[in-house]
Amino acid sequence: MTATTTGQEPRAASPELSPLHTWLLRAAARGETIDAIARRTGLSRRSRHFTRIYRALGARNRAHAVALAYRHGHLNPADHEPNTPPPRPDRTSRTARTRRLPTRTTR
């Protein structure tokens, strides 16, 4: 039987998420608010990380993103350790490269 004959949608391939995005989803699954997550990580509340997560998973909001992360296997109910520090964001991104200040030379 195919997925269409059983009435279920076929599963899409699991999207790739960075370790930071997976950590953010775990924090959201524990019930932490975006403000609390921002304070804990040092990221801006208006950072684009959750927007990127929503887009990668095809989610409408934070709760939907958590549900889809469980479905795709990015989250496991057994691994919600609350005191783990967030992984450091990748500093080789385009934004990080464009924000470097010129070095100052001494005479």
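Residues numbered from 1 in each chain as written. Predicted model: local features only at pLDDT ≥ 70, side-chain atom pairs only at ≥ 80, totals over all residues. Heavy atoms only, no water.

## Details of the pattern of salt bridges
Which entries qualify depends on this criterion: Just to be clear on terms, a salt bridge is a Lys or Arg side-chain nitrogen sitting within 4 Å of an Asp or Glu carboxyl oxygen. Only protein chains enter the accessibility calculation, which uses a 1.4 Å probe; a residue is then buried when its area is under 20% of its type maximum, exposed when over 50%, and partly exposed in between.
Within this structure, the stated rule accounts for two salt bridges. A salt bridge links Arg-30 to Glu-32, with the shortest nitrogen-to-oxygen separation between them at 2.8 Å. The class of Glu-32 is buried, set by a relative accessible area of 17%. For Arg-40, the salt bridge goes to Glu-32, with nearest N and O atoms at 3.0 Å.

## Focus: a positive patch on the surface
We count it as follows: Note that patches include only residues with greater than 30% relative accessible area and no salt bridge, and the join distances are 9 Å for like charges and 5 Å for nonpolar side chains (Val, Leu, Ile, Met, Phe, Trp, Tyr). Exposure was quantified through the Shrake-Rupley algorithm and a 1.4 Å probe, taking into account, for residues, occlusion by the shown protein chains and nothing else. Only four residue types enter the tally: Lys and Arg on the positive side, Asp and Glu on the negative side; His and the chain ends are excluded. In plain terms, the charge of a residue is placed at NZ if it is Lys, CZ if Arg, CG if Asp and CD if Glu. Comment: elements are numbered from the N terminus, with helices defined as DSSP H or I runs of at least four residues and strands as E runs of at least two.
Side chains of Arg-46, Arg-48, Arg-52 and Arg-55 sit close together on the surface and give a patch of like positive charge. Relative to the helices and strands, Arg-48 resides in the loop between α2 (34-41) and α3 (49-57).

## Some words on α3
What counts is decided by this rule: Working definition: the arc comes from the directions between the helix axis and the C-beta atoms, pointing outward to the latter. Every residue pair with non-hydrogen atoms within 4.5 Å of one another is taken to be in contact.
Residues of α3 that are buried include every one of His-49, Phe-50, Ile-53, Tyr-54 and Leu-57, and no others. For α3, the buried positions fall inside an angular range of 140 degrees around the axis, keeping them on one side. As for α3, its buried residues are in contact with α1 (19-29), α2 and α4 (62-72). At the exit of α3 stands Gly-58, carrying a positive phi of roughly 75 degrees.

## Section: the confidence of the model for the chain
Stated formally: Confidence per residue, as judged by the predictor, is encoded in pLDDT with a range of 0 to 100.
Chain-level pLDDT for the chain is 75 on average; 62% of the residues reach the 70-or-more range. The secondary-structure element of the chain with the lowest mean pLDDT is helix α5 (residues 94-98), recorded at 51, while α4 shows the highest, at 92. Throughout residues 1-10 the model reports pLDDT below 50, and contacts reaching past four residues in sequence, or to other chains, amount to four contacts.

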